[in-house]
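A closer look at the structure
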Amino acid sequence: MEWLDTFRSHAVALPNLAKFAIVMAIIACAPALARRVRIPELVGLVAFGILLGPYVLDVAPKNHPIVQFFGDLGRLR
């Protein structure tokens, strides 16, 4: 999967504000895309989370303070 490694290296090189903007855009668009494919909205958000997480594209690294903050914020809800 050479194209995946190339895409991952470009995604990691993005500035933090660009990564944040990408994540916010996905959070806004994922439910609409999930409805269009006729799957539950939460499943669509989880799928995009896995795609952007540390094991596929590594846009959001595992031990980053901002990621930890949003993880804690999600647990409060």
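Residue positions are counted from 1 within each chain, in the order its sequence is given. Side-chain atom pairs in this predicted model are given and counted only at pLDDT of 80 or more, local residue features only at pLDDT of at least 70, and totals for whole chains, interfaces and linings cover all residues. In computing side-chain values, all of the structure's heavy atoms are included and hydrogens and water are not.

**Looking at the overall build of the chain**
Helix and strand definitions follow DSSP, with helices as H or I runs of at least four residues and strands as E runs of at least two, each counted in order from the N terminus. Broken down by element type, the chain carries 4 helices and 0 strands. For the chain, the sequential pattern of α-helices and β-strands runs α-α-α-α. Looking at the chain residue by residue over its 77 residues, the buried ones come to 16%. By the convention used here, residues are in contact when the closest approach between their heavy atoms is within 4.5 Å. Contacts spanning at least 24 positions in sequence make up 34% of the contacts within the chain whose residues lie at least 6 apart. Computed with the Shrake-Rupley method and a 1.4 Å probe, the accessible areas treat only the protein chains shown as cover for residues. For the chain, the exposed surface amounts to about 6100 Å²; the carbon and sulfur share of it is 70%. The positive count covers Lys and Arg only, the negative count covers Asp and Glu only, and His and the chain ends enter neither. Here the site of a charge means NZ on Lys, CZ on Arg, CG on Asp, or CD on Glu. Each charge sign in the chain was given a centre, from 8 positive and 5 negative side chains, and these centres are 10 Å apart. Think of it in three bands: residues with accessible area under 20% of the maximum for their type are buried, residues over 50% are exposed, and the middle band is partly exposed, with areas taken using a 1.4 Å probe on protein chains only.

**Let's talk about the confidence of the model for the chain**
For the chain, mean pLDDT is 81; residues scoring 70 or higher make up 95% of the total. pLDDT gives the predictor's per-residue confidence on a scale running from 0 to 100. Across the chain, helix 3 (residues 41-52) holds the top mean pLDDT of 87, while helix 1 (residues 2-12) sits lowest at 77.

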